[in-house]
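Coordinate analysis (summary)
Spelled out from the first residue to the last, the chains are:
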Amino acid sequence: MAKLHLITYGCQMNEYDSERVAGLLRERQYELTDDVTAADVILLNTCAIREKAEEKVFSKLGELKRLKADRPDLVIGVMGCMAQLQQATVLRRAPQVDLVFGSPAIARVGELVERARLERRPVLETGEAPLVKITAKPASADRLKAFVTVMEGCEKHCTFCVVPRTRGRERSHAPASIIAEIEGLVADGCREVTLLGQTVNAYGRDLAPPTDLAELFERVNDVAGLQRIRFTTSNPYNLTPKLIRAMRDVPKVCEWFHLPLQSGSNRVLERMNRGYTRARYLELVDALRDAEPAMAFSTDVIVGFPGETEADFEATLDVVERVGYDNVFAFRYSRRPGTPAAAMPDQVPDDVKADRNRRLLEVAQRVAGERSARLTGRTMEVLVDGTSRRSAGELSGRTRCNRVVNFDGQGRVAVGDIVHVRVTDALPHSLRGTLATPEEAVCWSK
Ligand code: SAM
């Protein structure tokens with residue numbers, strides 16, 4: 001078999017796409033290798049969300065140049081968001097690249113790689129293509145938990161973001177094809193799926209007849225053998241009362257919500273074109289906690305968006321305190337070419353961004369620590385997914401609210417089991433506990 005080395009940058013959707021690519025190439029007799037020097041084909045699945053992500057790709061391509069010089073038959077391909085957005089720049093800055101293709105062309109990866117092998121000039125494929133559900137995956141794919149892309153694209157046009165240009169307009173997969181994919185995954189041992197979309201809670205409105213994420217939850221919930229449903233990423237703008245009710249009522253949907261805030265200041269939210277205010281965001285959090293008191297939240301925040309003042313930033317810190325997130329993903333604003341925010345005059349200096357990033361993480365860590373501490377003494381449902389990173393003698397798993405829990409259960413429970421663990425210690429990044437019976441259960445309230 002020929003050898004494929006696949007390097008993935010960026011979000012879960014990229015991870016999902018990489019698995020599909022590995023699966024499709026497996027059907028063409030390529031097997032995955034971790035050893036870059038042994039590869040016949042090297043593919044970089046790229047991210048364009050921030051400049052840093054792009055620079056990482058160019059630096060990796062620089063490293064690969066030497067391999068290509070030694071072995072001119074080696075095929076080097078760049079796929080994903082950066083390929084879509086920067087095809088000309090990629091070929092100019094990295095002439096060692098043989099193949100550039102965007103996510104719409106993934107279904108044709110086998111044919112594209114063959115062309116790149118045969119034609120001794122760069123193959124470029126970044127046009128639109130019909131949306132197809134690809135279920136191929138590599139032999140090494142995680143069997144217990146899986147990502148399932150339910151929609152592509154984004155039509156939000158936030159002023160900082162390149163995604164509408166890299167992933168195109170919103171297009172949803174038909175519920176039947178999603179269910180068929182999940183049934184196949186469950187037959188292979190999957191117990192938890194994460195439904196993916198750039199604005200996953202806009203799912204289904206482009207279908208005929210239209211549907212929505214709440215209805216999809218119901219259908220996924222009916223898949224026998226599946227234990228848990230997660231979903232990401234949602235946009236507060238599309239969060240409906242129907243979806244909030246579904247989170248309460250659909251048993252397999254977990255009490256964990258990744259709800260990007262971006263900023264806690266109305267002025268900044270408006271300049272970002274987010275379509276909600278700080279008060280509306282907090283109202284949604286309250287409605288979700290009223291529906292499901294055990295709901296855990298995580299979020300994305302951008303610091304140093306053009307024009308962000310100290311007062312704006314403090315308004316963000318205030319929302320972080322009020323919501324009490326379990327996890328905050330903090331990003332320094334990165335100026336993306338062609339986006340409206342890149343042209344805004346009042347760009348924030350790098351040292352101010354760095355300082356705000358540090359202060360945000362300090363607050364976020366304290367708040368998350370307080371949330372963890374409250375879980376001490378509680379009994380929680382855990383899906384066992386492996387051994388603890390710190391101690392091979394301990395098992396590890398996740399609660400429904402997405403917390404990592406390590407516990408001593410060797411010999412008594414196995415990977416894939418759902419068990420109940422009483423939390424004894426709240427550490428900064430994980431919980432520790434002991435096996436228990438389900439007398440009291442937070443994150444297990446349905
Ligand atoms: N669809 C999600 C939303 O709009 O809420 C965002 C998904 S995006 C792939 C992940 C995160 O990257 C965003 O939530 C945002 O915080 C961050 N991000 C996007 N563009 C950025 C930029 N230009 N600079 C810094 N962070 C950015």
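Scroll up to find the structure this text is about.
Structure report, in brief. What you are looking at is a predicted structure, and each value in this text was computed from that prediction instead of being measured. (Residues numbered from 1 in each chain as written. Predicted model: local features only at pLDDT ≥ 70, side-chain atom pairs only at ≥ 80, totals over all residues. Heavy atoms only, no water.)

With that out of the way, let us pick up helix H1 (residues 12–27). Between its terminal C-alpha atoms H1 stretches 23 Å, which fits the 22 Å expected from 16 residues at 1.5 Å a residue. Backbone geometry just after H1 places glutamine 29 at a positive phi near 70°. (Helix = DSSP H or I, 4+ residues; strand = E, 2+ residues; numbered from the N terminus. Expected span 1.5 Å × (residues − 1).)

In this section: the site of the ligand. The ligand sits among 16 residues. The nearest are Gln198, Gln262, Arg274, Asp300 and Ser334. At 2.7 Å, a side-chain N or O of glutamine 262 approaches an oxygen atom of the ligand. Here an oxygen atom of the ligand and a side-chain polar atom of arginine 274 are 2.9 Å apart. Notes on the ligand: free accessible area 570 Å², of which the protein chains cover 93%. Put simply, the parts of the chain that give the shell around the ligand at least two residues each are strand E13 (296–303) and strand E14 (327–332). (Near = heavy atom within 4 Å. Polar contact = N/O pair within 3.5 Å; in protein donor to acceptor, adjacent residues only side chain to side chain. Areas by Shrake-Rupley, 256 points an atom, 1.4 Å probe, with all protein chains shown as cover.)

Our next topic: the packing of helix H11 (residues 310–323) against helix H12 (residues 350–375). Working note: a packed helix pair is described by the angle between its axes plus the distance between those axes. At a minimum axis separation of 10 Å, H11 and H12 run at an interaxial angle of 15°. The pairing of H11 with H12 is recorded here as roughly parallel in orientation. Read as a crossing pair, H11 and H12 show a hand that is right-handed. Together, Glu310, Phe313, Glu314, Leu317, Val320 and Glu321 of H11 and Arg356, Arg359, Leu360, Val363, Ala364, Arg366 and Val367 of H12 make up the contact between the two elements. Of the residues belonging to the contact of H11 with H12, the class tally is 7 nonpolar, no polar and 6 charged. (Axes fitted to C-alpha atoms, helices over the stretch in contact; angles between N-to-C directions. Parallel < 35°, antiparallel > 145°, perpendicular 65-115°, else oblique. Left-handed = near helix turned anticlockwise from the far one by under 90°. Contact = heavy atoms within 4.5 Å. Nonpolar A, V, L, I, M, F, W, Y, C, P; charged D, E, K, R; others polar.)

This part covers the sheet that holds strand E10 (residues 192–196). Within the open sheet, the 3 strands sit side by side as E7-E10-E11. Their pairing is parallel. Every other strand in the sheet has two partners, leaving strand E7 (145–149) and strand E11 (228–232) as the edge strands with one partner each. Between one strand and the next, the sheet's axes are offset by a mean angle of 25°, whatever the strand orientation. Two strands pair when backbone bridges link them, and E10 and E11 are joined in this way by 5 bridges, in the parallel orientation. By the bridge assignment, leucine 195 is partnered in E11 with phenylalanine 231. Across the sheet, H1 touches E7, E10 and E11, and the angle it forms with E7 is around 95°. Across the sheet, helix H7 (residues 213–221) lies against E10 and E11, angled at about 150° from E11, the strand it touches most. (Pairing = 2+ DSSP bridges.)

Turning next to the nonpolar core. Of all hydrophobic cores here, the largest spans 58 residues; its most connected members are Ile182, Leu195, Phe217 and Phe257. Looking at this core element by element, the count peaks at 6 residues for helix H10 (residues 278–291). Leave out the neighbours within four places in its chain, and phenylalanine 257 touches Phe231, Ser234, Leu239, Leu243, Met247, Leu288, Met295, Ala296, Phe297 and Ser298. With 25 residues, the next largest nonpolar core counts Leu67, Leu74, Leu85 and Val90 among its residues. (Core = buried A, V, L, I, M, F, W, Y, C linked by side-chain atoms within 4.5 Å. Buried < 20%, exposed > 50% of the residue type's maximum accessible area, 1.4 Å probe, protein only.)

Turning next to unusual backbone geometry. In this structure, proline 209 follows alanine 208 across a cis peptide bond, with omega equal to -5°. Considering the arrangement of structural elements, one finds proline 209 in the loop between E10 and H7. Note that the residue after threonine 232, namely threonine 233, is joined by a cis bond; omega there is 0°. Positionally, threonine 233 belongs in the loop between E11 and helix H8 (241–249). Although it is not a glycine, asparagine 273 sits at a positive phi angle of roughly 60°. Counting through the fold element by element, asparagine 273 comes out in the loop between helix H9 (266–272) and H10. In the Ramachandran plot, asparagine 402 falls in the positive-phi region, its phi being about 75° despite a non-glycine side chain. Tracing the chain through its elements places asparagine 402 in the loop between strand E16 (395–399) and strand E17 (404–408).

Here the focus is the pattern of salt bridges. Two side chains bearing opposite charge may form a pair once their charged atoms approach each other closely. Enumeration over the complete set of coordinates arrives at 42 salt bridges. Measuring nitrogen to oxygen at the nearest pair gives 3.7 Å for the salt bridge that ties glutamate 19 to arginine 20. For glutamate 19, a relative accessible area of 27% gives the class partly exposed. Given the relative accessible area of 3%, arginine 20 is considered buried. Residue arginine 248 is joined to aspartate 249 by a salt bridge in which the shortest nitrogen-to-oxygen separation is 2.7 Å. For arginine 248, a relative accessible area of 37% corresponds to the partly exposed category. On the basis of relative accessibility, which here comes to 44%, the residue aspartate 249 falls in the partly exposed class. (Salt bridge = Lys/Arg side-chain N within 4 Å of Asp/Glu carboxyl O.)

Take the packing of aromatic side chains next. The tally for this structure, following the rule as stated, stands at 6 aromatic pairs. Seen from their ring centres, phenylalanine 231 and phenylalanine 257 are 5.1 Å apart, and the 85° between their planes marks the pair as edge-to-face. Of this pair, phenylalanine 231 sits in strand E11 while phenylalanine 257 sits in strand E12 (residues 256–258), placing them 26 residues apart in sequence. Exposure remark for phenylalanine 257: the relative accessible area of 0% places this residue in the buried category. Summarising the aromatic geometry, the rings of phenylalanine 305 and tyrosine 333 are spaced 5.5 Å apart at their centres and angled 70° between planes, so their arrangement reads as edge-to-face. With phenylalanine 305 in the loop between E13 and H11 and tyrosine 333 in the loop between E14 and H12, this pair connects stretches of sequence that are 28 residues apart. The burial state of phenylalanine 305 is the same as that of tyrosine 333; both residues are buried. In this structure, arginine 20 is placed above the aromatic ring of tyrosine 16, and the distance from its NZ or CZ to the ring centre is 4.0 Å. A cation sits over an aromatic face here: arginine 93 above phenylalanine 58, 3.8 Å from the ring centre. (Phe/Tyr/Trp six-rings, centres within 6.5 Å; stacked < 30°, edge-to-face > 60°. Lys NZ or Arg CZ within 6 Å of the ring centre and 35° of its normal.)

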